[in-house]
Amino acid sequence: MAIARLSMKAGMKGRGADHAAYIAREGRFANRLEQGEKLEATESGNMPAWATSNPQAFWLAADAYERKNGTAYREMEIALPRELSPEQRKELVSDWVSQELGTTHAYQWAVHVPRAADGGEQPHAHIMFSERRCDSVARDPEQYFKRYNSKVPEKGGAKKGYGEFAGQTRTAVERRQELVDLRTRWADMCNAHLEKAEQPARIDMRSYVDQGIDAVPERKMLPSEWRDSQLRQDIVMARSDKYTIEKGREEAAKALREHDMNIEALGNFYKKEHGYLFEYLSDPTDCCRTLANIARNHYMDRQVERSIRVTDATQQLSLAEKAYYTAQEDVERIKKIGRKAQVALNTWRDTHKVKTWLHDKGVNQDSELLDLESRLQVLHKEYQARQAELTLKEEAYKAAKNHVRETKYAVALEAETKFDNRYYHSAIKVGRSLKIQANNRIIEEQRKMDEANNAQYHAHKERQSQSRQFGRPDIDSSAESKRSEQYIPPRPRSRGMGM
């Protein structure tokens, strides 16, 4: 099963060279290859002339000359499909780097293949790249990481900026959307390579909510937790059960749609394949009710997902959310400017105490102080207006969220009623009839068993009756004959003593 994962990270100054050695498995990180891990592929590109043959020199220079607290590199960490061969995975990463970085940023990437928790491969790619943009100017290592000079680029460092909106100020919502777009592009490219390799697996970078899946996302596990064999086994088993249940739901819904409610065949399938998930499937009514509920939930989710009303409400929610966050940023911006204006006013008063005293007494109105005070008043009024606007936008945002929730509930209720009228009650009716048939079969089998027992009993009685009719069997007379052969005549009587 292909895993969908893409994370973007930033590396601070001082960590670039060490992380480059980590992904290339060089230096002190080379011992990882002795633990059963594979370094499947590695590559670098767009390096300046002084680092073309040694990418490590580029990251060492970034750590040395990048500004204090600056970003030495950015990194994409991406899960790669097991279903692809090593050559196909390398081609996928190369195409992705060409699409996203092109010839604009210096980069270095590597594909690692450690052993996963389930015993299989866990291929993933580390793609490091510099935010500095490549141009035609030749710079030495120190100049390359200096501040960019827009008027005379030859005298400054390489310009910073990544992405379509490089160098522009972006809101939190817009930056979040950029990451969503990046993940979407990765899913499209990965699925295209899976299709090219004739593999049925696909990835989906959307959240469970956006996919219409009623499930709790699995939390990220720490390496220390993965090393615990019991925790790892529990997670693997939970994943297996989750996959089996989701697969069973899909098959149940598909069978209910395509096989005209053939509940008996579907129940037999579940008894054979997924009996441990539904212990009560021996009862056809419960079987039908369970499968009909699964199909109904799937049908409701699809209707909510395809509903135009829900789509319109979601779009309104997106606009309201964007307006709310924009208003929030405006309030923060005015507040920040107001603080600076207040500091400037207080500084002026502390510096010109005599003029301040005369101004406060009304003796001599200072024009500079009046300008500072009037500016502060204007900013205060603007802040109040922005705050009131923010309150309205927040109420509109909450109303839009409630509207989406109510719309989804209404559409789901309509779909539930429609499904019940078409399928659910008929499924329960079929289940009851199947239960009656099953009970009749049990009764018939019991009757046949009773008849067989009665027949066996009567046969036994018949054999006993026949034996009594023809008398007892002959007795062995061998002992009597032996007694007759050993016959001794009786002793005669005595007549008394003779004279």
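Look up: the structure comes first, before these words.
Residues numbered from 1 in each chain as written. Predicted model: local features only at pLDDT ≥ 70, side-chain atom pairs only at ≥ 80, totals over all residues. Heavy atoms only, no water.

**Quick notes on the overall build of the protein**
Then step 1. A count of helices and strands for the protein gives 14 helices and 5 strands.
Then step 2. Looking at the 499 residues of the protein, the share that counts as buried comes to 31%.
Then step 3. Of the contacts formed within the protein by residues at least 6 apart in sequence, a portion of 71% connects residues at least 24 apart.
Then step 4. Split by element, the accessible area of the protein, about 33,400 Å² in all, is 50% carbon and sulfur. (Helix = DSSP H or I, 4+ residues; strand = E, 2+ residues; numbered from the N terminus. Buried < 20%, exposed > 50% of the residue type's maximum accessible area, 1.4 Å probe, protein only. Contact = heavy atoms within 4.5 Å. Areas by Shrake-Rupley, 256 points an atom, 1.4 Å probe, with all protein chains shown as cover.)

**Things to note about unusual backbone geometry**
Then step 1. The phi angle at R25 is positive, at roughly 55°, despite the residue not being glycine.
Then step 2. Inspection of the secondary structure puts R25 in the loop between α1 (16-24) and β2 (38-45).
Then step 3. On the basis of relative accessibility, which here comes to 5%, the residue R25 falls in the buried class.
Then step 4. Positive phi is not limited to glycine here, since N46 has a value of about 60°.
Then step 5. Looking at the secondary structure, you find N46 in the loop between β2 and α2 (55-65).

**Comments concerning helix α11 (residues 308-351)**
Then step 1. In this model α11 runs 64 Å from its N-terminal to its C-terminal C-alpha over 44 residues, within 8% of the 64 Å that 1.5 Å per residue would give.
Then step 2. Residues V310, A313, L317, A320, Y324, A327, V331, I334, G338, A341, L345 and W348 constitute the buried set of α11. (Expected span 1.5 Å × (residues − 1).)

**Focus: the layout of surface pockets**
Left-over empty space is what a probe sized like a water molecule reveals as it rolls over the atoms.
Then step 1. Roughly 250 Å³ of internal volume is contained in the second largest pocket.
Then step 2. If you trace the second largest pocket, you find 13 residues lining it, with E66, R67, R132, R147 and K160 closest to the centre.
Then step 3. Split into classes, the residues belonging to the lining of the second largest pocket amount to 3 nonpolar, 2 polar and 8 charged. (1 Å grid on protein atoms, 1.4 Å probe; cavity = no way out; pocket = protein on both sides within 12 Å on 5 of 7 lines; lining within 4 Å. Points joined across faces, edges and corners; volume = space filled by probe spheres on them. Nonpolar A, V, L, I, M, F, W, Y, C, P; charged D, E, K, R; others polar.)

**Structural notes on the packing of aromatic side chains**
Then step 1. Scanning the model with the defined rule gives 12 aromatic pairs in all.
Then step 2. Arranged with centres 5.5 Å apart and planes meeting at 55°, the rings of F58 and F145 form a pair that is tilted. Taken together, the residues span a long stretch of sequence, with F58 in helix α2 and F145 in the loop between α4 (141-144) and α5 (172-196) at a distance of 87 residues.
Then step 3. F58 gets classed as buried once you look at its relative accessible area, which sits at 0%.
Then step 4. Here the aromatic rings of W59 and Y73 are separated by 6.4 Å at their centres, their planes lie at 80°, and the arrangement is edge-to-face. In this pair, W59 sits in helix α2 while Y73 sits in strand β3 (residues 71-79), placing the two residues 14 residues apart along the sequence. Each member of the pair, W59 as well as Y73, is classed as buried. (Phe/Tyr/Trp six-rings, centres within 6.5 Å; stacked < 30°, edge-to-face > 60°.)

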